[in-house]
Amino acid sequence: MTLYEGTTGKQYRVEGLETSEEVTRRLQALGLIEGTPLKLLNRKKRGALILYVRGTRLALGKDISSHILVKEEENG
């Protein structure tokens, strides 16, 4: 599933990035690499998602979050 399809309040693990090389490098620099756990905190009206990743909050738009593959954590 993609991150954009996720449910607020649940925890996920990044499975892969299907974005352009430039966006992939930027996300990796922010700590979003394969295997990274994250929590979906909030969903804004225009499609932006607020995540909790590696001790910080991160906002991603629909165009990027719909290309991040995640798997729901069993204990989340």
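A few points on the structure. Since this is a predicted model, take the numbers as computed values, not measurements. (Residues numbered from 1 in each chain as written. Predicted model: local features only at pLDDT ≥ 70, side-chain atom pairs only at ≥ 80, totals over all residues. Heavy atoms only, no water.)

**A word on the pairing of strand β2 (residues 37-43)**
Short version of the rule: By this definition, two strands are paired if DSSP reports at least two bridges between them. Think of it this way: any DSSP run of H or I at least four residues long counts as a helix, any run of E at least two long counts as a strand, and we number them from the N terminus.
As judged from the three bridges shared by strand β1 (residues 11-17) and β2, these two strands associate in the antiparallel manner. Across the sheet, the residue bridging to R13 is P37, located in β2. Both β2 and strand β3 (residues 49-53) contribute to a ladder of five bridges, which runs antiparallel. From the neighbouring strand, R43 faces β3, where its bridge partner is L49. Counted along the chain from β2 to the antiparallel partner β3, the turn is five residues long, and its residue G47 has a positive phi close to 100°.

**A few points about the side chain of T24**
Spelled out, the test is: Only protein chains enter the area calculation, which uses a 1.4 Å probe; residues under 20% of their type maximum are buried, those over 50% are exposed, and those in between are partly exposed. Should any heavy atoms of two residues lie within 4.5 Å, those residues are counted as being in contact.
For T24, the position within the fold is in helix α1 (residues 21-29). Among the residues examined, T24 registers a relative accessible area of 15% and is labelled buried. Ignoring anything within four residues of it in the chain, the contact list for T24 reads L17 and T19.

**As for the pattern of salt bridges**
Here is the rule we go by: For this analysis, a salt bridge means a side-chain nitrogen from Lys or Arg found within 4 Å of a carboxyl oxygen belonging to Asp or Glu.
Under the counting rule described, the total for this entry stands at two salt bridges. Among the ionic pairs, E72 bridges to K10, the shortest N-O distance being 3.3 Å. Within this pair, whereas E72 is found in strand β5 (residues 68-72), its partner K10 is found in the segment before β1, the two being separated by 62 residues in sequence. For K10, a relative accessible area of 31% gives the class partly exposed. Measuring nitrogen to oxygen at the nearest pair gives 2.9 Å for the salt bridge that ties E73 to R13. Of this pair, E73 sits in the segment after β5 while R13 is found in strand β1, placing the two residues 60 residues apart along the sequence.

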